[in-house]
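Below are the chains, spelled out letter by letter.
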Amino acid sequence: MISHGWWGRLAPVLVGAVILAGCSSGSSGGTAAGSSEGPAAPPAPAPATVAPYPAPSVPASGAGLVLPPVAGAPAPPPAPSGGVRPGADWTTYHGDATRTGYVAAGPDPANPALAWQTPLDGAVYGSPVVVAGEVVAATEGGSVYGLDAVTGAIRWRSHLADSLPGSALPCGNIDPIGITGSPAVDPGTGQVFVATTEAGVHHQLYGLDPATGGVRSKRDADVPGVDPATHLQRGALLVSGGTVYVPYGGNYGDCGQYRGSIVGLPTTGTGAARTFIVPTSREAGMWAASGPAALPNGDLVVTTGNGEATSGDWDHSDSVLRLTSGLALVDGFAPVGWAEENSVDADLGSMGPVLLPGTHTVLAAGKGGGVFLVDLAAMGGVGGQKGELTGCEAYGGGAAAPVQGGGTVAYLPCSSGLLQVRVGTNGALSKGWQAPSQVQGSPLIVGTTVWSLQQDGALIGLDAATGVERARVSVGDATRFATPALSGNALFLPTSRGVSAVRIGASGT
């Protein structure tokens, strides 16, 4: 437990309804598009009337940053000899549909060490999921594996499709390509969902039995009427309200005709698909590795990349958008300089939305360097932010936690180093500590420690209050946007060769 006066201990997160990503040729997680012409851009739907995101429950003043203590839990049984003791399931990117990335009662470091490494048939870009003591990971080799969480032993392998060489796409920087976006588990139907890129080029959604790897469902997951080769599936899948949401950006290089889009498919494997396409002429990819986030009423929040428009009316590129569960546009926000950012390949699409627990607000940051606080009940359109900071070029997914007495604290994966951002109850933003520039992986908050996985293969644990390094474990080189999964006393890391497990807590914690 942290003893610093303002910090205290992290509070339980407010749970809602329950990678490199496509950008453009100017960044290392670029977008792409192909050669065929897509359908005409649809007009922006009129804002729908929906229940607002819950109003803040924090006090209006007196923001002393002290987080409430977490009640103690019964002592768990000792871990097996390997040191890993699996715990609760981890069903999606950052643990739940809000993507908040905060586990209040998780263990802080206690002699952390590498427990096992399991090489697979390709790089693992997406965050693994954990179901009933089994780690499920998908690879660019086109396979999904079930691994014993304690030993790393392969329990099953389901090879869904042969991977494609990078040359099969009109442009891009993933070679070979198979399964890129993070999987998601649907407890209701007992399936783990993954989206493949297959010969053609086209995308398929598979529902697998997490115990055996058997295919339970399969259906086309492409956006109707577009060239699938120009649309890259990199964002994490989301399961919410009986629907699997599959987001699309473009390949690195921004080639061809693509538009940011998201497809919603029933988890039952049958029923009509629903689609939202950003109302722009081209680009505006939904390429953030963390994918869409869900609000308590089932609405989704997404970020979009730079669009082709550099003047005229706002086309919902370089934006934060709120959609209904049926994928109708509700509201949106864009920086005042959205058109200029489009012209220089700077956008908000490089990091997914960071929902702030206990509030009706979201933080957005991207390649342009700005950090924006947006009210989800009234997003304000162009220039409608409630607060703003500069100096964080962000990629991947952020994390956030509530603060006792009001306000929240967030951790953003900036290229200049992981950044702590404090958000007061009045919406004021201020910078806290910042990690060294090499520590920039998408963070996960566990207990009072922030964990970040680096491309060079170092897993770093930082004191959430001060940013002081608490732990460092070598796990194997990783892709730029890799983030950990947690179960029990261990983190499970996607690497360029497979999956590594790190025991972070003592064997009895």
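Each remark here, short or long, concerns the structure printed above.
Because the structure is predicted, anything quoted here is derived from the model rather than measured.

Trainee: Any chance you could break down the state of the cysteines for me, citing the residues and the numbers?
Mentor: Under the counting rule described, the total for this entry stands at two disulfides. Put simply, Cys-171 and Cys-255 are joined by a disulfide, and their sulfur atoms are 2.0 Å apart. Taking the torsion about the S-S bond as the criterion, the Cys-171 to Cys-255 disulfide, at about -95°, is left-handed. Of this pair, Cys-171 sits in the loop between β6 (154-159) and β7 (184-186) while Cys-255 is found in the loop between β12 (243-248) and β13 (261-266), placing the two residues 84 residues apart along the sequence. The pair formed by Cys-171 and Cys-255 is uniform in burial state, with each residue classed as buried. The disulfide partner of Cys-392 is Cys-414, and the S-S distance across this bridge is 2.0 Å. Its torsion about the S-S bond being -95°, the disulfide of Cys-392 and Cys-414 is classed as left-handed. Placement of Cys-392 in the loop between β23 (387-390) and β24 (399-402) and of Cys-414 in the loop between β25 (408-412) and β26 (419-423) is noted, with a sequence separation of 22 residues between them. No difference in accessibility class separates Cys-392 from Cys-414, as the two residues are buried.

Trainee: Help me get a handle on the sheet that holds strand β2 (residues 113-119), residues and values and all.
Mentor: Read across the open sheet, the four strands follow the order β2-β34-β33-β32; overall the sheet is antiparallel. Strands at the two margins of the open sheet, each flanked by one partner only, are β2 and β32 (485-487). If you compare each strand with its neighbour and ignore which way they point, the axes differ by 20° on average. With three bridges joining them, β32 and strand β33 (residues 490-494) adopt antiparallel strand pairing.

What counts as what
Throughout, residues of each chain are indexed from 1 in the direction in which the sequence is written. In keeping with the model being predicted, local features are shown solely for residues with a pLDDT of at least 70 and side-chain atom pairs are shown and tallied solely at 80 or more, while totals for entire chains, interfaces and linings include all residues. Excluded from the side-chain calculations are hydrogens and water; all other atoms, namely the structure's heavy atoms, are used. Note on disulfides: each one is a pair of cysteine sulfur atoms within 2.5 Å. We count a stretch as a helix when DSSP gives it H or I for four or more residues in a row; a strand needs E for two or more, and each element gets its number in order from the N terminus. Each residue is placed in one exposure class: buried if its accessible area under a 1.4 Å probe, protein chains only, is under 20% of its type's maximum, exposed if it is over 50%, and partly exposed if it falls in between. For two strands to pair, DSSP has to find at least two bridges joining them. Axis geometry follows a simple rule: fit a line to the C-alpha atoms, using only the stretch in contact for helices, then measure angles between N-to-C directions, giving values from 0 to 180 degrees.

Nothing here speaks to function; it is all geometry.
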